[in-house]
Structures are given as C-alpha cells and as structure tokens.
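# Residue-level structural notes
One letter stands for each residue in the lines below.
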Amino acid sequence: MPMRNEFFSAYTSCRIGPGDTLLPLHADARADLLALLSEEDDYIYLSLVNDVGMETVKVRNDHGTLLMERGVEGTADGTHPPATCVHAVSPTVVAIIKDLVCNYECCQPPCPVEPVQYLGELMPTAKVGEAWEGNIIFSNAQSAGVYDTPKWMNAKLLPGSGAIMLSGTPELDNVGEHVFTVYASNANNTAAHSAIVRVIE
C-alpha cells in the first residue's frame, strides 16, 4: 500500500458532511486521481480547503472508489460545501505539470480567476400566505447553490451571474427564523454565507 506524493488539484462536486467517507469529484478530476492511485490500496494525503475551514484527509483507491480517512493530522472531521478545493502538491513534479493545472476547473495557481466574494443580500421578512422574494449576490461566481433551505423556499441561480434568487410562500407552521447556507464557487475558491429569513404571521 504505497503512499503517492504527487501533484493533484480539483474541487468537490457536492457537499461533504461529517463522517462522509466518499470523496466526491467531477469525472475528469476523479479519473486523474484514480490514475495517480493506480494500484489497489494506493493512498494520498489531500487538503480540503474552503472559506469555512480546512481538513486533511487520507484518500485511497478501494476497487475504483475514492475512500477518505477523515480528520487526519489533527484536523477536524467537518462539513465542506460543494466546490471545496482539494489539493496535494509535490514540489518535485510541480514544474513538470505546471502547464496542466487548468485542464479542468482547479483551485491552484496559475488559474486566472479572481476569488469569489460575498457582496450582499436582500432578505426581507416573509409573511405567512404571501409570496416572498429575496436574493444573495456573489462576485466572480461560476456556480452557486444553497443547502438547508426551508421547504417552502425555492432557489435559482441567474445564468452568467453570482445572483441567487430566492422565492416562496411560507405557511403558518413556518413562523420563526430559518437559517440556511448559500455558496458560490469558481476555479479559485468557494465562498459560503449563512443567511437568515424571518417568517411572521
């Protein structure tokens, strides 16, 4: 079971929660990592990095499945939003493959993308039985999304922008405050933001 000390850079394809053991990557990145871990039980140490936190994981090839050992090197087994940066760098090979870094959407330099930044939101108070709308805006976003939204709320990303449009009609049992997470990503980073909407009668 040899350790691979190779260059690898990508981002996750979906959310990773505490205790999750599968490493979710887009098809191209998954194929690249499996090529590095070509022998059964080959493994590599990777960092999961985003604006929420950082975690080191040990990833191994288990019959073509990328399995993670979570929270190694004293890091916490935490939650990571979609498009979290995943990378491992070996200085001995960086010079050789430097020109290949941006073959798929990556998160290591020299990808020429400005970082995603949260710009602001419009989150008015919602009223039971009335149509409600809100929005959250990020700069330089290539993709965006939400999770843990209340069931009455719909989210839609405006194509070509970092604007996430929120809408819905709350019901009586929705009265109170609802906290959810909005994120936006590009090849450089992921920015996450906790939003709150208040529902009144």
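Here is what the cut-offs are and how they apply
Residues numbered from 1 in each chain as written. Predicted model: local features only at pLDDT ≥ 70, side-chain atom pairs only at ≥ 80, totals over all residues. Heavy atoms only, no water. Pairing = 2+ DSSP bridges. Helix = DSSP H or I, 4+ residues; strand = E, 2+ residues; numbered from the N terminus. Axes fitted to C-alpha atoms, helices over the stretch in contact; angles between N-to-C directions. Buried < 20%, exposed > 50% of the residue type's maximum accessible area, 1.4 Å probe, protein only. Arc of directions from axis to C-beta. Contact = heavy atoms within 4.5 Å.

For the rest of this paragraph, the subject is the pairing of strand 3 (residues 54-62). Note that strand 2 (residues 43-49) and strand 3 share seven bridges and pair antiparallel. In the strand pairing of strand 3, leucine 48 is matched with glutamate 55. Bridge analysis of strand 3 against strand 4 (residues 65-72) gives six bridges, and the strand direction is antiparallel. Pairing of lysine 58 across the sheet is with glutamate 69, part of strand 4. Adjacent in sequence and paired antiparallel, strand 3 and strand 4 are bridged by two residues, among which histidine 63 carries a positive phi angle near 55°.

Moving on, we get to the sheet that holds strand 8 (residues 132-139). Across the sheet, which stays open at both edges, the four strands sit in the order 6-8-11-10 with antiparallel pairing between neighbours. Edge positions in the open sheet fall to strand 6 (117-122) and strand 10 (153-157), since each of these has one partner strand only. Neighbour-to-neighbour, the strand axes of this sheet turn through a mean angle of 20°, independent of strand direction. Across five bridges, the pairing between strand 6 and strand 8 is antiparallel. Along strand 8, the bridge assignment pairs glutamate 121 with isoleucine 136.

So, about the sheet that holds strand 9 (residues 143-147). Within a beta sheet, neighbouring strands are joined by backbone hydrogen bonds and run either parallel or antiparallel to one another. Pairing within the open sheet is mixed, and its four strands lie in the order 7-13-12-9. Looking along the sheet, the strands with just one partner apiece sit at the ends: strand 7 (126-127) and strand 9. The sheet contact formed by strand 12 (residues 176-185) and strand 13 (residues 190-200) spans ten bridges and is antiparallel. The partner of serine 185 across the bridge, within strand 13, is threonine 190.

Let's shift gears to helix 1 (residues 27-36). Buried within helix 1 we find Ala29, Leu33 and Leu34. Looking straight down helix 1, one finds its buried side chains confined to an arc of 135°; they lie on one side. In helix 1, the exposed positions angled more than 90 degrees off the buried face are occupied by Ala27, Asp28 and Ala35. Of the surrounding elements, those touching the buried residues of helix 1 are strand 1 (8-11), strand 2, strand 3 and strand 4.

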